[in-house]
Amino acid sequence: MKSISSFSAFTLLLALLPLVGGCGSSTAANKSGAPAAASSASGSKTPVTLLNVSYDPTRELYEEFNSDFAKHYQEETGTPVTIEQSHGGAGKQARAVIDGLKADVVTLAIAYDIDQIAELTGLFPKDWQKRLDNNSCPYTSTIVFLVRAGNPKQIKDWDDLVRDGVEVITPNPKTSGGARYNYLGAWGYALKKFGNDEQKARDFVKKLYEHVPVLGSGARDSTTTFVQREQGDVLITWENEALLALKELGAEKFEIVVPSVSILAEPPVTVVDKNAAAHGAQEVAEAYLKYLYSPAGQRLAAKHFYRPSLKEQADPEDLKRFAEIEMFNVDEVFGGWPEAQAKHFNDGGIFDVIQEEIASSK
Amino acid sequence: MSKNFAKRQVLPGFGITMGYTVTYLSLIVLVPLAALFLKSAGLGWADFWKAVSGPRVVASYKLTFGASLVAAAVNAVFGFVVAWTLVRYQFPGKRIIDAMIDLPFALPTAVSGIALTAVYSSHGWFGQYLEPLGIKVAYTPLGITLALVFIGLPFVVRTLQPALADLERESEEAAASLGANRFQTFTRVIIPTILPALLTGFALSLARAIGEYGSVVFISGNMPMRTEITSLLIISKLEQYDTAGAAAISVVMLTVSFGLLLAINLLQHFAGRRFQGAL
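For every chain, the first residue of its written sequence is number 1, and the numbers climb from 1 along that sequence. Here chains are named by letter from A upward and ligands by number from 1 upward, in the order in which they appear as written. At least 70 in pLDDT is required for a residue's local features to be given in this predicted model, at least 80 for side-chain atom pairs to be given and counted, and no such filter applies to totals for whole chains, interfaces and linings, which use all residues.

Going by an unreviewed UniProt entry, chain B carries the name Sulfate transport system permease protein CysT and comes from Lacipirellula limnantheis. Quoted verbatim from the Subcellular location (unreviewed entry) field of UniProt, the annotation for chain B is "Cell membrane". The Subunit (unreviewed entry) comment attached to chain B in UniProt states, word for word, "The complex is composed of two ATP-binding proteins (CysA), two transmembrane proteins (CysT and CysW) and a solute-binding protein (CysP)." UniProt positions are given in the numbering used here, feature names are shortened, and annotations may be inferred rather than shown by experiment.

Per an unreviewed UniProt entry, chain A carries the name Sulfate-binding protein and comes from Lacipirellula limnantheis. UniProt annotates chain A under Sequence similarities (unreviewed entry) with the comment "Belongs to the prokaryotic sulfate-binding protein family." Its UniProt record, at the heading Subcellular location (unreviewed entry), says of chain A: "Periplasm".

And the structure:
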């Protein structure tokens, strides 16, 4: 953990070993267009390139946002910007930045991954999350259930997931950052239901995972298992993923069930100061993130199924999709990500113990 | 070997070729592997042992090495049949089938995994008929083995083909004329001749299977203690930023794999010698 070079040596090694050969493919960076900037780059200012390292489900959002921002920024300042996008599993993306990928901004699924970048590289201050409004989350989401059309198992709330004969599909929280919200959502619900009794919450979560026949390695993996492979009765998923699934697959095949209470999913953003400063992109990077909070950015977030943090900026039509729901967040209930991670998800944490108990009882 | 040392070779310069070999191997194999060992050495014995001997990790070793051995064995048998068919018979479409053998090499492993899962899950083409019979393939160790058979098949076929092509029919005829029945000819003449190649194919298929990640994660279901392969545990350690722990498990896998491959190599050497002695 001492130097970047030993990390890169390790990455190189991982890339070479067939052992983990499969993991490299998901982080392929794809250039996404900023055609407006490219075609009208006649201004006198030197063009700037920005690399936004993000996670999987934001692909469509940033594709649209990037070209919008490039146009806006050039109009405002005369500087043409090209934005490159990289998508992949949040944890893998964070590790790529730690290992030396020159991200100017990171827009990831959970604060924990960005904390780790700050911790291990010092590329930006550890209190990064205070730098932008709303805990640096320009948009949020929550955890909902996707069920098959007609809701044949009559799933209404978290309680119904642990009924006999119900099979639940959710990714493995050890390999999927997003799935940690699923787990914490169930835990928080149980705490509330049983008057903050930790033991009862643990039993509830254990019971829930007894109903999980397949643990996907990532969010999209589990969505495929539920949708294409037709496994399970209910998929626990981020609201934006559920809405996207409805749009892509047809609203006649699936429906969304909103539980009585759920967890606020906060995907934060930050500028990677030292990377951006190294090629004179600090200013653009900051403007880029600020633009996410602008009416245009908020509208796009809502359009792509994220809950805008400034509701009044978004299109009221888009807002209709988001059901009123009582939410708690990780800080309130779990004392923040570092604590939640250590207690539940690290090796030997509660998730591991629960899984071992389930396995030995079968 | 040592006798060949001074002999004239087609390519001149033992110094240059040896130097090249060492440099090349160091850059792409030895140095990265050394980095892996160094990384895990940072842990200290107690932590290293803790990282590599947890019940989940041990369960994953059993599954990974078990499924890989079974898959390699299946490949050795059926790969032989495929290679035999392709070498010994002429039939329309032979070239196409021959080319298809390499497809598991070319396909991104994730694609193979997803395709296999689609076909063998409970609503898939085959899965829907197997499920009523009580055979679950996707999301079980059986599915993992299936994926490993898929990715390992080309190794056996491709190493056996030249060996079978070199096999002279005269020796089979000689065996027959000396009174050997078909079974004796097969076990006493054919098998010993191709055994070194078969062992190489087996070893390659095994090695590939042990390290496989992409295709397996989609079909395995990733249930801790039951269908979790070691590579997945390495990934989940990395996901916790526990690089040293991931390196420690990798070191164990490397060491065991190296031991297995070395044993197979020795066996092969022994088999080759015995066969030559028999001549």
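Once you've had a look at it, read on.
## Examining the overall build of chain A
Note on conventions: DSSP H or I runs of at least 4 residues are helices, E runs of at least 2 residues are strands, and numbering of each starts at the N terminus. A tally of helices and strands in chain A yields 17 helices and 13 strands. Across the 362 residues of chain A, 50% fall into the buried class. The burial label depends on the number of other C-beta atoms within 10 Å of a residue's C-beta. Counts of 20 or more mean buried, 12 or fewer mean exposed, and intermediate counts mean partly exposed, with C-beta atoms placed from the backbone.

## Some thoughts on the overall build of chain B
When helices and strands are counted, chain B shows 13 helices and 0 strands. Each helix and strand of chain B, ordered N terminal to C terminal, gives the series α-α-α-α-α-α-α-α-α-α-α-α-α. Overall, the C-alpha framework of chain B stretches about 65 × 60 × 30 Å when taken along its three principal axes. With 279 residues in all, chain B has 38% of them scored as buried.

## Concerning the nonpolar core
Leu50, Val105 and Val205 of chain A are the most contacted members of the largest nonpolar core, which totals 158 residues. Per-element accounting of this core gives the leading share, 13 residues, to helix H8 (residues 141-166) of chain B. Domain start and stop points were drawn from an automatic or database domain assignment. Each of domain 1 (4-137 + 266-293) and domain 2 (141-265 + 325-361) of chain A contributes no fewer than three residues to this core. Leave out the neighbours within four places in its chain, and Val105 of chain A touches Leu50, Asn52, Val269, Thr270, Val271, Val272, Ala285, Tyr288 and Leu289 of chain A. For the purposes of this analysis, a nonpolar core is taken to be any set of buried Ala, Val, Leu, Ile, Met, Phe, Trp, Tyr and Cys residues that are connected through C-beta atoms within 7 Å. Contact between residues is assigned whenever the C-beta positions, reconstructed from backbone atoms, fall within 7 Å.

## Some words on the environment of Ala219 of chain A
All names here are of chain A. Among the secondary structure elements, Ala219 is positioned in helix H9 (residues 219-227). For the pair formed by Ala219 and Ala242, sequence separation is 23 residues and the distance between their alpha carbons is 11 Å. Ala219 has contacts with Asp56, Pro57, Pro171, Ser176, Gly178, Ala179, Thr237 and Glu241, leaving out every residue within four places of it along the chain.

## Examining the domain arrangement of chain A
All names here are of chain A. The assigned domain composition of chain A is domain 1 (4-137 + 266-293) and domain 2 (141-265 + 325-361). Contacts between domain 1 and domain 2 engage 13 residues on the former and 16 residues on the latter. Those elements that provide at least two residues to the side of domain 1 that touches domain 2 are helix H4 (90-98) and helix H5 (111-121). Among the elements that make up the side of domain 1 that touches domain 2, the one with the highest residue count is H5 (4 residues). Under this grouping Gly is polar, as are all residues other than the nonpolar Ala, Val, Leu, Ile, Met, Phe, Trp, Tyr, Cys and Pro and the charged Asp, Glu, Lys and Arg. Looking at the side of domain 1 that touches domain 2, its residues break down into 7 nonpolar, 2 polar and 4 charged.

## Examining the packing of helix H3 (residues 59-77) of chain A against helix H12 (residues 282-292) of chain A
All names here are of chain A. With their axes 11 Å apart at the nearest point, H3 and H12 run at an angle of 120° to one another. Relative to H12, the element H3 lies oblique. When you trace H3 past H12, the crossing you get is right-handed. Two secondary-structure elements touch here, H3 through Phe69, His72 and Tyr73 and H12 through Val284, Ala287, Tyr288 and Tyr291. The residue makeup of the contact of H3 with H12, split by class, is 6 nonpolar, 1 polar and no charged. Angles run from 0 to 180 degrees between N-to-C directions of axes, and those axes are lines fitted to C-alpha atoms, restricted for helices to the stretch in contact. For classification purposes, an angle smaller than 35 degrees is called roughly parallel, one larger than 145 roughly antiparallel, one from 65 to 115 roughly perpendicular, and anything else oblique. By definition, any crossing whose near helix is turned counterclockwise from its far helix by less than a right angle is left-handed, and any crossing with a clockwise turn is right-handed.

## What to know about the UniProt feature "domain: ABC transmembrane type-1" (unreviewed entry) in chain B
When the UniProt feature table is mapped to this numbering, "domain: ABC transmembrane type-1" (unreviewed entry) covers residues 61-262 of chain B. As a span, residues 61-262 of chain B carries 78% helix and 0% strand, and end to end its C-alpha atoms are 19 Å apart.

## A word on the UniProt feature "transmembrane region" (unreviewed entry) in chain B
Residues and elements named next belong to chain B. Mapped onto the present numbering, the UniProt feature "transmembrane region" (unreviewed entry) falls on residues 21-45, 65-87, 99-118, 138-157, 189-210 and 246-267. Between the first and last C-alpha atoms of residues 65-87 the distance is 31 Å; the span itself is 100% helix and 0% strand. Across residues 138-157, helical content stands at 85% and strand content at 0%; the span's end C-alpha atoms are separated by 25 Å.

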